[in-house]
Amino acid sequence: MARNNNDDDDAIDESDCCGNGCTNCILDHKPQPSQRAQLAGKRNVILTYANFRLLSNEAHKADAQVRLMHFGYHTEHDADDSILDIPPGHHVMLRTDATTPLLRPYSPYWSDFAAKEFKLLIKLQPNGPMSSFLANLQPLQVLQFRGPIGGNYVHDAKAAKCIVIIAQGVAIAPTLPLVAQILDNEDDMNRIRHLICAQDLEHVYFRERLLEFAQYWNYSSCLYLAHQSCTCCDSNTPPTDQPCEQVRRQLRYKEAAYTGRLEAKQLAAQLPVNDADNIVVIIAGHSSFQREMSEQVAKVAGVSAGNIHLL
Ligand SMILES: Cc1cc2nc3c(=O)[nH]c(=O)nc-3n(C[C@H](O)[C@H](O)[C@H](O)COP(=O)(O)OP(=O)(O)OC[C@H]3O[C@@H](n4cnc5c(N)ncnc54)[C@H](O)[C@@H]3O)c2cc1C
């Protein structure tokens, strides 16, 4: 059961941190009133812990441990003076004290400003305390979220750079609003290379959405499928630049894939040569993945730390 929201001041202290060493910790990135909310003259409901009701909870077709959860703002006194603003690339903190107090960050892949709703893609971790709690959620159950937290990457629509977005597994979620923001703005001349690391094609989340993105002149993507199986290759078959015929037949128009991990050689092929100042790299994934990828992009393309952003 969610707590009553009677502590709704905006103070942040040590107890607001989940202790997992997040790159964008709430202690350094306090939720700030958004420009959009200020322009609209409205209150952003999520700036302090707010109640959200679970509207739907679907298992992903390839993996029952991956859930698509849709939440809507819940209040008994909803005067129309509020909005929900979670800018692209930001996350929110989920707080629960069902059994013991727990705090965990989650990154919405979709949110609606006026309807005050958002969606999460959640991978339930074996034996994870928050995962166990989420696995047993009931329809319409009310949870408490606070945010938006982030701001490590501030997009410049006038920059005309090559934005390389590297996403691992469910961490593709916060990269979708970032991509959509660029593609939806006709005046934005930045180009996006979306490098998506997944175990296999079945685990490429939001594949249809990625195919929609591929219609735009300034978007391209490549899937890195570390454990793609087929009947023609075995574990001794070395990865090649082109997937085998069987995997190729499963790809859709404008879909590029590589059956292996994204490593230095593949990164070097994706990053523009001798143009480090015009490359911006955004990395979404587990902290060890973020560390490894940051080191690789710095090494293979000389991208400076200031142009590498971790979500
Ligand atoms: C900024 C940020 C945003 C996040 N957004 C999302 C999101 O949108 N969806 C989502 O499912 N999770 C997300 N996470 C992870 C999430 O906060 C929890 O860690 C996760 O749900 C597990 O919580 P837990 O309490 O069940 O298990 P924990 O006790 O936190 O973790 C259990 C085990 O799983 C490992 N683990 C946790 N997360 C991952 C991961 N992503 N990949 C591989 N191993 C992992 C931990 O290292 C640990 O060994 C995000 C994390 C951060 C830092």
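Residues numbered from 1 in each chain as written. Predicted model: local features only at pLDDT ≥ 70, side-chain atom pairs only at ≥ 80, totals over all residues. Heavy atoms only, no water.

Novice: Explain the site of the ligand to me, please; I cannot follow it from the model alone.
Specialist: The immediate surroundings of the ligand are formed by 16 residues, with Arg104, Pro105, Tyr106, Lys123 and Ser131 found nearest. Within the backbone of Ser107, a nitrogen or oxygen atom sits 3.0 Å from an oxygen atom of the ligand. In the environment of the ligand, an oxygen atom lies 3.5 Å from a nitrogen or oxygen atom belonging to the side chain of Gln125. Protein burial of the ligand: of its 900 Å² of free accessible surface, 69% is covered by the chains. Broken down by secondary-structure element, the contributors of at least two residues to the shell around the ligand are β6 (102–106), β8 (117–123) and α2 (129–135). Its residues assigned to classes, the shell around the ligand shows 8 nonpolar, 6 polar and 2 charged. (Near = heavy atom within 4 Å. Polar contact = N/O pair within 3.5 Å; in protein donor to acceptor, adjacent residues only side chain to side chain. Areas by Shrake-Rupley, 256 points an atom, 1.4 Å probe, with all protein chains shown as cover. Helix = DSSP H or I, 4+ residues; strand = E, 2+ residues; numbered from the N terminus. Nonpolar A, V, L, I, M, F, W, Y, C, P; charged D, E, K, R; others polar.)

Novice: I'm lost on the side chain of Gln296 in this one. Help?
Specialist: Checked against the element boundaries, Gln296 lands in helix α7 (residues 287–301). Leaving out residues up to four positions away in the same chain, Gln296 has contacts with Ala264 and Leu267. (Contact = heavy atoms within 4.5 Å.)

Novice: Just to check I follow, could you spell out unusual backbone geometry for this structure?
Specialist: For residues other than glycine, phi is negative in most cases, and the peptide bonds are mostly trans. Cis geometry marks the peptide bond from Gly147 to Pro148, where omega comes out at -10 degrees. Within the element layout of this structure, Pro148 appears in strand β9 (residues 142–149). Backbone geometry at Ala160 places phi at a positive 55 degrees, although glycine is not the residue there. Examined against the element boundaries, Ala160 turns out to sit in the loop between β9 and β10 (162–168). In this structure Ala160 comes out as partly exposed when scored by relative accessible area, which is 39%. Of note, the phi angle at Asn274 is positive, near 50 degrees, even though the residue is not glycine. Following the sequence through the fold, Asn274 ends up in the loop between α6 (264–270) and β14 (279–284). (Buried < 20%, exposed > 50% of the residue type's maximum accessible area, 1.4 Å probe, protein only.)

Novice: Would you explain the sheet that holds strand β2 (residues 50–60) in this entry?
Specialist: Each strand in a sheet pairs with another by means of backbone hydrogen bonds, the pair being arranged parallel or else antiparallel. On the basis of which strands lie adjacent, the open sheet formed by 7 strands has the order β6-β5-β9-β2-β3-β8-β7 and antiparallel pairing. The open sheet has two edge strands with one neighbour each: β6 and β7 (110–112). Between one strand axis and the next, the sheet turns through 35 degrees on average, direction left out of account. (Pairing = 2+ DSSP bridges. Axes fitted to C-alpha atoms, helices over the stretch in contact; angles between N-to-C directions.)

Novice: It is not clear to me how the pattern of salt bridges should be interpreted in this structure. Could you clarify?
Specialist: As a working rule, side chains carrying opposite charge can pair if their charged atoms are close by. Scanning the entire structure with this criterion turns up 10 salt bridges. Here Arg36 makes a salt bridge to Asp85, at a shortest N to O gap of 3.7 Å. Of the two residues, Arg36 sits in helix α1 (residues 35–40) while Asp85 sits in the loop between β4 (82–83) and β5 (91–96), which places them 49 residues apart along the sequence. Looking at Arg36, the relative accessible area reads 48%, which means it is partly exposed. Taking the shortest distance from any N to any O, the salt bridge between Arg261 and Glu292 comes out at 3.4 Å. (Salt bridge = Lys/Arg side-chain N within 4 Å of Asp/Glu carboxyl O.)

Novice: Quick question: what am I supposed to make of the sheet that holds strand β12 (residues 219–225) here?
Specialist: Spatial ordering of the open sheet is given by β13-β12-β11-β10-β14-β15, a layout of 6 strands whose pairing is parallel. Pairing within the sheet leaves two strands with one partner each, and these edge strands are β13 (257–258) and β15 (308–310). The sheet contact formed by β12 and β13 spans 2 bridges and is parallel. Within the sheet, the bridge partner assigned to Tyr224 lies in β13 and is Tyr258. Packed onto the sheet, helix α3 (residues 175–183) meets β10, β11 (191–198), β12 and β14 and runs at close to 160 degrees relative to β11. Together, β10, β11, β14 and β15 form the strand contacts of α7, whose direction differs from that of β14 by roughly 160 degrees.

Purely spatial values, then, with no claim about function.
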